[in-house]
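What follows is the residue order along each chain.
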Amino acid sequence: MLIDTHVHLNADEFEGKEAEIIKRAQEAGVKKLIVIGFDHKTNEKAIELAEQYDFIYATVGFHPTIAKDIKDNDFVILDELLDHDKVVGIGECGLDFYWDKDHIDDQVEVFKEQIKRSLELELPLIIHMRDASEATYNVLSEFENLRGIMHCYSGSAEMVDQFLELGLHISLGGPVTFKNAKTPKEVAKVVPLDRLLVETDSPYLSPHPFRGKRNEPARVKLVAEEIAKLRDMSFEEVAKATTENAISLFKLEE
Ligand code: NI
């Protein structure tokens, strides 16, 4: 059994195809999906899917690339959604200096608002970090008792310990399977097994040999297989550990 801890089944790319994609995921042994929101539309759609399928759970939040447009009223709307029974996390949120370097203050502020809610509501954070390792670490380290996921972790192997010390989990996706991806392969070897998660980030980041094609949750299996190979463990061990970690972090029903 596997859990895809980060899938955008709520993205436009999957419109009308949800049922067949879910079916293929289940056939591949992916028993639960965490559907991640990133703006108003996808937050609502994530909840809709979670209401429709008992093995789907939702997270809601604001992506750093829309931080510049987020106003107080947007948080009023978010707070209502955070009340929903099947919302199990906050995000994705974080910092992205690859796509937007012009609104760093907005990004930090919107990120902090979501971190505060994570602590108040005891919901794990789904953290997006791109070209912003130091800044993300600096914001997070202003808080204590954090719980959450460095999603599709793209930082260095050296920084893994710093994020672990903050209380966070490390999640790996398709890039760990890429032939030339030295860093994620190193990371896969150093994360303690009890802090490791797997994801697809579908429809993005399709693993090898589907790189560049539309990704889907069934392919989380390829991610777990590659991690098993890198750690010299069996696939079953990786699947079992990452599934248990996801169940306990998100407080899912077994
Ligand atoms: Ni994502």
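Residues numbered from 1 in each chain as written. Predicted model: local features only at pLDDT ≥ 70, side-chain atom pairs only at ≥ 80, totals over all residues. Heavy atoms only, no water.

Enquirer: Go over the packing of helix H3 (residues 72–82) against helix H4 (residues 104–121) with me, naming the residues and quoting the values.
Expert: For any two helices packed against each other, the geometry is given by the interaxial angle and the distance between the axes. Closest axis-to-axis distance for the H3/H4 pair is 12 Å, and the angle between their directions is 30°. Between H3 and H4, the angle is such that the two are roughly parallel. Handedness of the crossing formed by H3 with H4: right-handed. Every residue of H4 that contacts H3 at Phe75, Asp79 and Leu82 is listed here: Val110, Glu113, Gln114, Arg117 and Leu121. (Axes fitted to C-alpha atoms, helices over the stretch in contact; angles between N-to-C directions. Helix = DSSP H or I, 4+ residues; strand = E, 2+ residues; numbered from the N terminus. Parallel < 35°, antiparallel > 145°, perpendicular 65-115°, else oblique. Left-handed = near helix turned anticlockwise from the far one by under 90°. Contact = heavy atoms within 4.5 Å.)

Enquirer: Give a description of the pattern of salt bridges that names residues and reports values.
Expert: Once the charged atoms of two side chains with opposite charge are near each other, the side chains can pair. This structure, assessed with the given rule, holds 15 salt bridges. With a shortest N-O distance of 3.3 Å, Lys116 and Glu113 are connected by a salt bridge. Of this pair, Lys116 and Glu113 both sit in helix H4, three residues apart, which is roughly one turn of that helix. Taking relative accessible area as the criterion, Lys116 reaches 39% and is therefore assigned partly exposed. On the accessibility criterion, Glu113 (24% relative accessible area) is partly exposed. Glu244 is paired through a salt bridge with Lys240; the nearest N and O atoms lie 3.1 Å apart. Of this pair, Glu244 and Lys240 both sit in helix H9 (residues 235–250), four residues apart, which is roughly one turn of the helix. According to the relative accessible area criterion, Lys240 is exposed, its value standing at 54%. Via salt bridges that share partners, Asp79, Glu113, Lys116 and Arg117 belong to a single interconnected network. (Salt bridge = Lys/Arg side-chain N within 4 Å of Asp/Glu carboxyl O. Buried < 20%, exposed > 50% of the residue type's maximum accessible area, 1.4 Å probe, protein only.)

Enquirer: Let's hear about the packing of aromatic side chains: which residues, and what values?
Expert: For the coordinates displayed, the defined rule picks out five aromatic pairs. Between Tyr53 and Phe55 the ring centres are 5.5 Å apart and the planes differ by 50°, which places this aromatic pair in the tilted class. Considered together, Tyr53 and Phe55 belong to a single accessibility category, that of buried residues. Pairing Phe62 with Phe75 gives two aromatic rings, centres 5.4 Å apart and planes at 85°, and the pair type is edge-to-face. You can see Phe62 sitting in the loop between strand S3 (56–60) and H3 and its partner Phe75 sitting in helix H3, a full 13 residues away along the chain. Phe75 carries the same exposure label as Phe62, and that label is buried. What links up through ring pairs into an aromatic cluster is the set Tyr137, Tyr153 and Phe163. Above the face of the Tyr57 ring, Lys86 is positioned so that its terminal group lies 4.7 Å from the ring centre. Geometry around Tyr98 places Arg130 over its ring, the cationic atom sitting 3.6 Å from the centre. (Phe/Tyr/Trp six-rings, centres within 6.5 Å; stacked < 30°, edge-to-face > 60°. Lys NZ or Arg CZ within 6 Å of the ring centre and 35° of its normal.)

Enquirer: Outline the side chain of Asp100, supporting the account with residue identities and numerical values.
Expert: Assignment of secondary structure puts Asp100 in the loop between strand S4 (87–96) and H4. Among buried Asp, Glu, Lys and Arg side chains, Asp100 stands out as unpaired, with Lys68 the closest opposite charge at 4.8 Å. A polar atom in the side chain of Asp100 sits 2.9 Å from the side chain of His103. When neighbours within four sequence positions are excluded, Asp100 is seen to be in contact with Lys68 and Gln107. (Lys, Arg positive; Asp, Glu negative; His and termini not counted. Polar contact = N/O pair within 3.5 Å; in protein donor to acceptor, adjacent residues only side chain to side chain.)

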